[in-house]
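Observations on the three-dimensional arrangement
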Amino acid sequence: MSSDLTEKALEHAIANDELELYYQPKVSLLHGRLVGAEALVRWNHGDRKAIAPDLFIPLAERAGLLQDLTILLLDKAVRACGKINAAKAGLAVSMNVAPDDLESHTISKLIAQYLEQGAITANDLQIEVTESAAMGNFERIRDDLVQLSAMGIKTLMDDFGTGHSSIDRLSQLPFNSLKLDQGVVRRMGTSQQNLNVVKSSISMARELRMTSVAEGVESAGAYNFLIANGCEEAQGFFIARPMALDTYLAFVAEEPYLAGSPVGRVHQAIYNLMYFRKCLLDATFCRKVDENDLLPSVMEPDSDHSMEHSRFGAWLANSREQLEGYQSYRELERPVRQLFEQGEVYMEQLHANADDARLNELITSFDKQFGYIIQLLHELERALLLNTKQHF
Ligand code: C2E
Ligand code: MG
Ligand code: MG
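Residues numbered from 1 in each chain as written. Chains lettered and ligands numbered in written order. Predicted model: local features only at pLDDT ≥ 70, side-chain atom pairs only at ≥ 80, totals over all residues. Heavy atoms only, no water.

1. A closer look at the site of ligand 1
Filter applied, for reference: The near set for a molecule or strand comprises every residue that places at least one heavy atom within 4 Å of it. We define a polar contact as two N or O atoms separated by no more than 3.5 Å, with the added condition that, inside protein, one atom must be a possible hydrogen donor and the other a possible acceptor, whereas residues neighbouring each other in sequence contribute only through side-chain atom pairs. Surface exposure here means Shrake-Rupley accessible area, sampled with a 1.4 Å probe, where a residue is shielded only by the protein chains that are shown. The secondary structure listing takes helices from DSSP runs of H or I that are at least 4 residues long and strands from runs of E that are at least 2 residues long, numbered from the N terminus.
Of all residues adjacent to ligand 1, which total 22 residues, the nearest are Arg42, Asp158, Gln182, Glu218 and Phe237. Interatomic distance of 3.2 Å between a backbone N/O atom of valine 41 and a nitrogen atom of ligand 1. The contact in question runs from an oxygen atom of ligand 1 to an N or O atom on the side chain of aspartate 54, over 3.4 Å. Notes on ligand 1: free accessible area 810 Å², of which the protein chains cover 85%. Taken together, the elements giving at least two residues each to the shell around ligand 1 come down to strand E2 (34-43), helix H2 (53-62), strand E5 (154-160) and helix H9 (182-187).

2. Describing the side chain of glutamate 232
Applied cut-off: The contact criterion used throughout is that any non-hydrogen atoms of two residues lie within 4.5 Å.
Counting through the fold element by element, glutamate 232 comes out in the loop between helix H11 (220-228) and strand E8 (233-235). A distance of 2.5 Å separates polar atoms of two side chains, one belonging to glutamate 232 and the other to arginine 311. In contact with glutamate 232, not counting residues within four places along its chain, are Val27, Ser28, Leu29, Leu30, Thr211, Ser212 and Arg311.

3. Thoughts on the domain arrangement of the protein chain
By a frequent convention, interface size equals the accessible area lost on bringing the separate parts together. As a reminder of what qualifies: Each domain span listed reflects an automatic or database assignment of domains. Throughout this description, the term salt bridge denotes a Lys or Arg side-chain nitrogen within 4 Å of a carboxyl oxygen of Asp or Glu.
Under the domain assignment used here, the protein chain contains domain 1 (7-258) and domain 2 (263-385). Contacts between domain 1 and domain 2 engage 18 residues on the former and 14 residues on the latter. The tally of links from domain 1 across to domain 2 stands at two salt bridges. Where arginine 311 meets glutamate 232, a salt bridge forms, and the shortest distance between an N and an O atom there is 2.5 Å. Remark: the boundary between domain 1 and domain 2 carries eight residue pairs in polar contact (both at pLDDT 80 or more). Elements that contribute at least two residues to the side of domain 1 that touches domain 2 include exactly helix H10 (192-207) and H11.

4. Topic: the packing of aromatic side chains
Quick note on the threshold: Each pair of aromatic rings taken from Phe, Tyr and Trp, with Trp reduced to its six-membered ring, is defined by centres within 6.5 Å and is described as stacked if the planes are under 30 degrees apart, edge-to-face if over 60, and tilted in the remaining cases. Exposure categories follow from relative accessible area, calculated using a 1.4 Å probe and restricted to protein chains: below 20% of the type maximum is buried, above 50% is exposed, and the middle band is partly exposed.
Summed over all chains, the structure comprises eight aromatic pairs. Here phenylalanine 276 and phenylalanine 340 contribute two aromatic rings whose centre-to-centre distance is 4.7 Å and whose plane-to-plane angle is 10°, an arrangement assigned as stacked. Highlighted residues: phenylalanine 276 in helix H13 (residues 262-289) and phenylalanine 340 in helix H18 (residues 333-351), separated in sequence by 64 residues. Among the residues examined, phenylalanine 340 registers a relative accessible area of 3% and is labelled buried. Centroid distance phenylalanine 312 to tryptophan 315: 5.4 Å. Interplanar angle 70°. Geometry classified as edge-to-face. Highlighted residues: phenylalanine 312 and tryptophan 315, both in helix H15 (residues 311-318), separated by three residues, approximately one helical turn. For phenylalanine 312, a relative accessible area of 2% translates into the label buried. Three or more aromatic residues link up through ring pairs in this structure, and these residues are Phe276, Phe340, Phe366 and Phe370.

5. Describing the coordination of the magnesium ion (ligand 3)
Cut-off, in case you're wondering: Only N, O and S atoms count as donors, using a 2.8 Å cut-off from the metal and 3.2 Å for Na, K and Ca, and because water is excluded some sites may appear unfinished.
For the magnesium ion (ligand 3), the full set of protein donor atoms is Asp158 (OD), Asp159 (OD), Glu215 (OE) and Glu215 (OE), at a range of 2.0 to 2.6 Å. Along the chain, the residues donating to the magnesium ion (ligand 3) are arranged with the sequence spacing D-D-x55-E. A separation of 4.1 Å is found between the magnesium ion (ligand 3) and the magnesium ion (ligand 2), which share aspartate 158 as a coordinating residue. Of the two residues, aspartate 159 is situated in strand E5 and glutamate 215 in the loop between strand E7 (211-214) and H11; the sequence distance between them amounts to 56 residues. Exposure remark for aspartate 159: the relative accessible area of 22% places this residue in the partly exposed category. Relative accessible area serves as the criterion here: at 6%, glutamate 215 is assigned to the buried category.

6. Description of the coordination of the magnesium ion (ligand 2)
The protein atoms that coordinate the magnesium ion (ligand 2) are Glu38 (OE), Asn96 (OD1), Glu128 (OE) and Asp158 (OD), at distances spanning 2.0 to 2.2 Å. Each donor residue of the magnesium ion (ligand 2) belongs to the same chain, and together they define the spacing E-x57-N-x31-E-x29-D.

7. Here's the deal with the pairing of E7
For a regular strand, side chains alternate in direction, first toward one face of the sheet and then toward the other. Put simply, the rule reads: Any two strands with at least two DSSP bridges between them are considered paired. The handedness of a crossover follows from its direction of travel: if, with the strands pointing away from the viewer, the path from the first strand over the helix to the second runs clockwise, the crossover is right-handed.
Two strands pair when backbone bridges link them, and strand E6 (residues 177-180) and E7 are joined in this way by four bridges, in the parallel orientation. Paired with lysine 179 across the two strands is valine 213, which belongs to E7. Examined bridge by bridge, E7 and E8 share two bridges and lie parallel to one another. Considered in E8, the bridge of valine 213 is made with glutamate 233. What joins E7 to E8 is H11, and the crossover it makes is right-handed.

What follows is the structure, encoded as structure tokens:
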């Protein structure tokens, strides 16, 4: 560490407002639009280049300055949310915090106040904790994560793939998302094995009812691979570098759109629909195995059962601009809406212990509709593949 990065200098920097948050955009891979940004702190130290957080966060921790730093940065993030919201609604800012911030309840208490004052809504702010910090401080941070989650604040496990999570412990913390480590994401192009690490992390997140976010996305190839494998959000130099707030506000105003490969998205749409059907069958299977010992977890309809909240619905609603030239796409909406309604009725009937004849009737008509939709999606997939150049 450089000799002028001392505790005194950092204390001075906090008091003199030398710390600034930069914002790195995140886009949804379901539709290619901006969904928010990660806030990353920079220290503007004299005339030299801004100092990166890895160099001074550990110093703040050792010097007992972390709490002051967090309070200051959270205040900046909240103010930024106001400006970002004014530019465009619905974009979140995610902040990085250390285990001490959670254990001391600094974060949850302040956020509760901001929410109460109406300075932010729960969708404006998200919290990131690294996997190694989360796993190494499991008991210390759990309370605060639970409280944040009760307030509706989304939490993300950062740098996933570097910190020895066990699935059991991971599922005991109320994280909403797994953020795949940038090293893991960058290495995925180097071997089949590394590619499979990314694929299995994405499917594990899905099974744990979490979304997956990839960081360190540096190329079109990585971006398109992640789309085709069901990752939900991406962040990285391919999309944009971290930028000062004013630059980010100008970026937001441009309504950036990173379409990526539409074929990969159709492929995912098919997969999501199959997954939806599998959930219905799993629930049925559990009922059959032992009627007196229903597995409530399998029976519980998850958000994918409503079209509006499903991954499929998000893709369908946001692909209009790119795909409305395709007949098979235009025909999708009505049958898909009916399919989701049929799924809901089926789950209701299953819960109400309807007899086999009734369930058979419902699932048969569901499957008929399902077959028609899959046919449309296959047509769309073929049409897009044959026009690859135009639509990539
Ligand atoms: P992180 O949360 O994993 O943040 C991602 C880091 O990767 C950032 O480094 C970002 O600039 C960099 N990055 C993003 N996309 C790419 C890419 O495509 N390629 C490459 N090579 N790098 C990319 P940064 O800003 O230096 O932050 C380093 C770490 O410091 C962060 O890692 C986070 O753990 C921590 N940090 C940042 N801001 C704060 C803060 O306000 N509070 C706390 N406690 N920690 C912070
Ligand atoms: Mg982070
Ligand atoms: Mg990270």
